[in-house]
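# Observations on the three-dimensional arrangement
Residues per chain, in single letters:
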Amino acid sequence: MIVTHQLTKKFGSLVAVDQVDLDVQAGDIYGFLGANGSGKTTTVRMLLGLVLATAGSIELFGQPIPARRHQVLPRVGALIEGPAWYGHLPGATNLSLFDASGPNAGRRSRRTRVDDALAQVGLSGVGRRPVKAYSLGMRQRLGLAGALLREPELLILDEPTNGLDPQGIHEIRDLLLGLNARGTTVFLSSHLLAEIEQLCTRVGVLDKGRLVLQEPLAALRAPTGRTIVRTADPDAAVRLLDGRVLGRQGDRLLIDGENPAQINALLVAAGVAVHELAAERLSLEQVILQRTSAGSDRVMAPTS
Amino acid sequence: MIAVELRKLTRRPRTWVTLLMLNLLPAVVAVLLAITNVGPRPGQGPAFLSAVLSNGSLFSVAALAIVLPLFLPVAVAVIAGDSVAGEAQAGTLRYLLVRPVGRTRLLVAKLVSVLAFVLLAVVSVSAVGFVLGTALLGNEPVTAQTSVISISGSLLSPSQIVVRILLAIGYVALSMLAVAAMAVLLSTFTDSPLSAALGALAFLIGSSLLLTLDAARSIQPYLPTRYWLSFIDLFRDPILWRNVERGVGIQLVYLAVLLGAAWANFSTKDITS
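Criteria and cut-off values
- Residues numbered from 1 in each chain as written.
- Chains lettered and ligands numbered in written order.
- Predicted model: local features only at pLDDT ≥ 70, side-chain atom pairs only at ≥ 80, totals over all residues.
- Heavy atoms only, no water.
- Helix = DSSP H or I, 4+ residues; strand = E, 2+ residues; numbered from the N terminus.
- Buried < 20%, exposed > 50% of the residue type's maximum accessible area, 1.4 Å probe, protein only.
- Contact = heavy atoms within 4.5 Å.
- Pairing = 2+ DSSP bridges.
- Axes fitted to C-alpha atoms, helices over the stretch in contact; angles between N-to-C directions.
- Phe/Tyr/Trp six-rings, centres within 6.5 Å; stacked < 30°, edge-to-face > 60°.
- Expected span 1.5 Å × (residues − 1).
- Arc of directions from axis to C-beta.
- 1 Å grid on protein atoms, 1.4 Å probe; cavity = no way out; pocket = protein on both sides within 12 Å on 5 of 7 lines; lining within 4 Å.
- Points joined across faces, edges and corners; volume = space filled by probe spheres on them.
- Polar contact = N/O pair within 3.5 Å; in protein donor to acceptor, adjacent residues only side chain to side chain.
- Salt bridge = Lys/Arg side-chain N within 4 Å of Asp/Glu carboxyl O.
- Patch = residues over 30% accessible without salt bridge, like charges linked within 9 Å, V, L, I, M, F, W, Y side chains within 5 Å.
- Areas by Shrake-Rupley, 256 points an atom, 1.4 Å probe, with all protein chains shown as cover.

Right, let's talk about the overall build of chain A for a bit. Of regular secondary structure, chain A possesses 11 helices and 15 strands. If one aligns the C-alpha atoms of chain A with their principal axes, the spans along those axes are about 75 × 50 × 35 Å. Looking at chain A as a whole, 47% of its 304 residues are labelled buried. When contacts within chain A are restricted to residue pairs at least 6 apart in sequence, those whose partners lie at least 24 apart make up 67%.

Let us now look at the sheet that holds strand S12 (residues 223-231) of chain A. Residue and element names in this part refer to chain A. What the 4 strands build is an open sheet, ordered S13-S14-S12-S15; its pairing is antiparallel. Edge strands, defined here as strands with exactly one partner in the open sheet, are strand S13 (245-249) and strand S15 (274-281). Shown here is a sheet whose adjacent strand axes are inclined to one another by a mean of 20°, direction ignored. Set on the sheet, helix H10 (residues 260-269) makes contact with S12, strand S14 (252-256) and S15; between it and S15 the angle comes to about 155°.

Turning our attention to the packing of aromatic side chains. The full count for this structure, using the stated rule, is 4 aromatic pairs over all chains. Between A:Trp85 and A:Phe98, the ring centres sit 6.3 Å apart and the planes meet at 85°, which makes this aromatic pair edge-to-face. With A:Trp85 in the loop between strand S7 (76-79) and helix H3 (91-101) and A:Phe98 in helix H3, the pair connects residues that are 13 residues apart, well separated along the chain. As far as the burial class goes, A:Trp85 and A:Phe98 line up, both buried. Ring plane angle 70° and centroid distance 6.1 Å describe the contact between B:Phe203 and B:Tyr254, whose orientation is recorded as edge-to-face.

Right, let's talk about helix H9 (residues 193-211) of chain B for a bit. Residue and element names in this part refer to chain B. The first and last C-alpha atoms of H9 sit 28 Å apart over 19 residues, in line with the 27 Å expected at 1.5 Å per residue. Every buried residue of H9 is listed here: Pro-193, Ala-196, Ala-197, Ala-200, Leu-201, Leu-204 and Ser-207. The buried residues of H9 occupy an angular sector of 130° when projected down its axis, which confines them to one face. For H9, exposure combined with an orientation more than 90 degrees from the buried face picks out Leu-194, Leu-198, Ile-205 and Leu-209. Those residues of H9 that are buried are in contact with helix H5 (71-90) and helix H8 (158-189).

One pass over the full model with this rule turns up 4 cavities of 30 Å³ or more. As a volume, the largest cavity reaches approximately 160 Å³. In terms of lining residues, the largest cavity is bounded by 18 residues, among which A:Gly77, A:Ala78, A:Phe98, A:Gly146 and A:Ala147 are the most central. Those elements giving two or more residues to the lining of the largest cavity turn out to be S7 and helix H5 (136-148) of chain A together with helix H6 (92-98) of chain B.

Here the focus is the side chain of A:Asp28. Residues and elements named next belong to chain A. Structurally, Asp-28 is set in the loop between strand S3 (23-24) and strand S4 (29-34). According to the relative accessible area criterion, Asp-28 is buried, its value standing at 8%. Of the polar contacts made by the side chain of Asp-28, one reaches the side chain of Arg-202; its length is 2.9 Å. Sequence-distant contacts of Asp-28, that is, excluding residues within four places in its chain, are made with Asn-180, Thr-184, Thr-185, Val-186, Thr-201 and Arg-202.

All names here are of chain A. Examined bridge by bridge, S12 and S15 share 6 bridges and lie antiparallel to one another. Residue pairing in the sheet places Thr-231 in a bridge with Val-274 of S15. Pairing between S12 and S14: 5 bridges, direction antiparallel. Residue pairing across strands places Thr-227 opposite Ile-255, the latter belonging to S14.

What follows deals with the pattern of salt bridges. Applying the stated criterion to the full structure yields 24 salt bridges over all chains. Ionic pairing is found between A:Arg113 and A:Asp99, a salt bridge with its closest N-O pair at 2.5 Å. Note that A:Arg113 is positioned in helix H4 (residues 107-120) and A:Asp99 in helix H3, a separation of 14 residues in sequence. Comparing A:Arg113 with A:Asp99 shows no difference in burial state: the two are buried. A salt bridge links B:Arg12 to B:Asp82, with the nearest nitrogen and oxygen atoms 3.0 Å apart. One end of the pair, B:Arg12, is in the loop between helix H1 (2-10) and helix H2 (13-36); the other, B:Asp82, is in helix H5, with 70 residues separating them in the sequence.

Attention now goes to a nonpolar patch on the surface. On the surface, B:Leu70, B:Phe71, B:Val74 and B:Val78 cluster together to form a nonpolar patch covering roughly 300 Å² of accessible area. Tracing the backbone shows B:Leu70 in the loop between helix H4 (59-67) and H5.

Function cannot be inferred from these measures alone, as they are strictly geometric.
Structure follows, in structure tokens:
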């Protein structure tokens, strides 16, 4: 779906995106994570042909960007750095103008397409109000409606839940999962770990312009080979599991060993009550913190 | 895309407010002339005003001469300066380009919409001028018997007058297109419509200033505003073509160079707005 090879963008002497090799496959919900200023938006803009790469190549649907963007982009829906509309016009008029601007815009089916897109994002009852009277969340929904208007095979969404309340976020998540189930590939750029963790099947992490990680979420969150035990009698447990205890925090023990059932049997046989038992999995946050440096909006003087 | 741009232009309240304001000054002048019947002394004040007291149909041209030095360029610069920078500022530019609309195509559509505005402005000013002039000023019907007197003193028939008014409208529109081209060029450089409009006006003010400077005599024939008022020559008998022709040539050169630069910049620009 999306393949980049050594994609690089320099603004003057600043390297915004540095030799990034993205690989998004059909059917993925790909989470593109990165701190503010890590180069996410620049990458997204390059994928869409808005910013021209300094070096490297991009392919969407197997076709080179920006050379073949007129063939490729009609199959892509995008939300880039927040929605943007003509404030003095109603949402439906905005969508209809947007639809009429590009190719393959059948006039007869336009009305239906606009209504469908508005219904999908929960704005069908919004009426003739001008967009400038919309709330932040409504504008975001209208932005999504714009991305969905052409029934795209690939959605490239930059911070799609920005400005939405928890209920709205939940709705959008369901919407994206539903679209994905029907075959839409979703490329989701965000700095919100929770959003990516709940939604995505694959994750790419950008840090200071470099892609430091690109793996299926399931692999990242695979068991670490350690087990967490909470017990009423931690001292007895430590004695019993001598040498295998890697750490202790109150009644919480970290045990070397990937089989919780075996540890449980050992403890219970010795009469140590077990409150909680689980194979340790790192959260996405822990994985990412391990592999990235401090946020790139933190500007420190170089230490000598 | 051209149809979309024209819809955007007509659905924008600002377009109509600008046109209204543009017509206000000639209207005030017409009313004042009608009430006082005091025209400027020959050779002073805006062109044609002394002539319109006897026959109001020339007020359509006088109205153009009134708004040409400042009002019309301001209106055109504001609309044209908004063309690309306005979309960039609103953020809609990035969505148009990924819809996708080709950059050249978008620029052409913007130019057509600016052209439509220029024509609308020039035609509306002369039409309103004609209506006001005939209603308030010399209200004798223009027939073959009551011919209009040209600036040179001889008589012009109504059909000659109509042709000349149309030529004048075309000439003024062309002059304004060069202003529009400058504003569109700047509009592709900045994300601020205001900067683009003011930049284009600065260019005109600079040109007008150099026209008053004797030391700049050698470059004066090449300044964009040098032949702006030459459309007055269209109402001499016979028509004095020399300055009109030069004016058309200069404007076409400016138009080609400025639009070429706008295209070259916009088609290769990183869109970061």
